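# Summary of the model geometry
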Amino acid sequence: FTPFPFVALTLSVSGLDPRAFSPDAPQAKLALQAQLHQNAAGKLEGEVSADNVSPAPLDRGGLPLHKIRTRATISAESLQFDALNLILGGSGNISGHVSWQLKQATGTADLAISRLDPAAIDTRLRPARLAGKATLSGDAQTQRGTISLADGKLHLDAKLLHSDDTLTLDSLRLAHGKAALTGQ
């Protein structure tokens, strides 16, 4: 166990535009807040939030994120985000848990998705109100995902693997009513 060098962190930033750091980054106007204090285990723990006062779809150069709220736990070994709640364009919501082990460079995410409108993220996509879940894991070389989404009679279930610059669909089921497309 390596002691974490901080006992507290208070952060308040407003007007942050990611494009100021890179011309390829989306444009946004972010307000960030963090109130972290050392817990009994020697980790920083507390509330972190971000608000974007000018959300816009990705294809219009923006960041389609309205708000992020989470309970963060940070140490020299790991980053953990519990009670994660992301509010996206079109009132979409992604909630759950994300963790990253720094030394092993591995991470996991268990996410619930509701009212997600792909067109609010990128206007070139078809409008929908997707709900479901996603489970993700991986490291720098290999990432895995299991995704299950639905919008009324439309259902998507997929298992994905990304490794060596190749995306592999381990399994896929796309169904609309009684019609279905499956594959591996």
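Refer to the structure above for everything that follows.
A quick note: this is a predicted structure, and the numbers were derived from the prediction, not measured. (Residues numbered from 1 in each chain as written. Predicted model: local features only at pLDDT ≥ 70, side-chain atom pairs only at ≥ 80, totals over all residues. Heavy atoms only, no water.)

What follows deals with the overall build of the protein chain. What the protein chain contains, in helices and strands, is one helix and 12 strands. Ordered by position from N to C terminus, the α and β elements of the protein chain give β-β-β-β-β-β-β-α-β-β-β-β-β. Taking the contacts inside the protein chain whose residues are at least 6 apart along the sequence as the reference set, 27% of them involve residues at least 24 apart. Carbon and sulfur atoms make up 59% of the accessible area of the protein chain, which totals about 11,200 Å². Charged side chains of the protein chain number 18 positive and 17 negative; the gap between the two group centres comes to 8 Å. (Helix = DSSP H or I, 4+ residues; strand = E, 2+ residues; numbered from the N terminus. Contact = heavy atoms within 4.5 Å. Areas by Shrake-Rupley, 256 points an atom, 1.4 Å probe, with all protein chains shown as cover. Lys, Arg positive; Asp, Glu negative; His and termini not counted. Charge placed at Lys NZ, Arg CZ, Asp CG, Glu CD.)

As paired strands, strand 5 (residues 78–88) and strand 6 (residues 93–101) are joined by eight bridges and run antiparallel to one another. Note on strand 6: the bridge partner recorded for S78 is Q101. Taken together, strand 5 and the strand that follows it, strand 6, pair antiparallel across an intervening segment of four residues, in which G90 is found at a positive phi of about 70 degrees. The turn joining strand 6 and strand 7 (residues 106–116), which pair antiparallel and follow one another in sequence, is formed by four residues; a positive phi near 55 degrees is taken by A105. (Pairing = 2+ DSSP bridges.)

Another point: the environment of R173. Mapped onto the elements of the fold, R173 is located in strand 11 (residues 166–176). Given a relative accessible area of 39%, R173 falls into the partly exposed group. Considering only alpha carbons, one finds R173 and A158, 15 residues apart in sequence, at a separation of 6.4 Å. Contact partners of R173, with chain neighbours within four places excluded, come to H155, L156, D157, A180, L181 and T182. (Buried < 20%, exposed > 50% of the residue type's maximum accessible area, 1.4 Å probe, protein only.)

Read from one edge of the open sheet, 12 strands run 1-2-3-4-5-6-7-8-9-10-11-12, paired in antiparallel fashion. One side of each edge strand has no neighbouring strand; the edge strands of this open sheet are strand 1 (8–16) and strand 12 (179–183). Looking at each pair of strands side by side, their axes are set apart by 10 degrees on average, direction ignored. (Axes fitted to C-alpha atoms, helices over the stretch in contact; angles between N-to-C directions.)

Right, let's get into unusual backbone geometry. Here the phi dihedral of R115 falls at roughly 50 degrees; this positive angle occurs in a residue that is not glycine. Following the sequence through the fold, R115 ends up in strand 7. Take R115: its relative accessible area is 36%, and that puts it in the partly exposed class. Of note in the backbone geometry, D164 takes a positive phi value of approximately 50 degrees without being a glycine. For D164, the position within the fold is in the loop between strand 10 (154–163) and strand 11. Judged by relative accessible area, which is 68%, D164 ranks as exposed.

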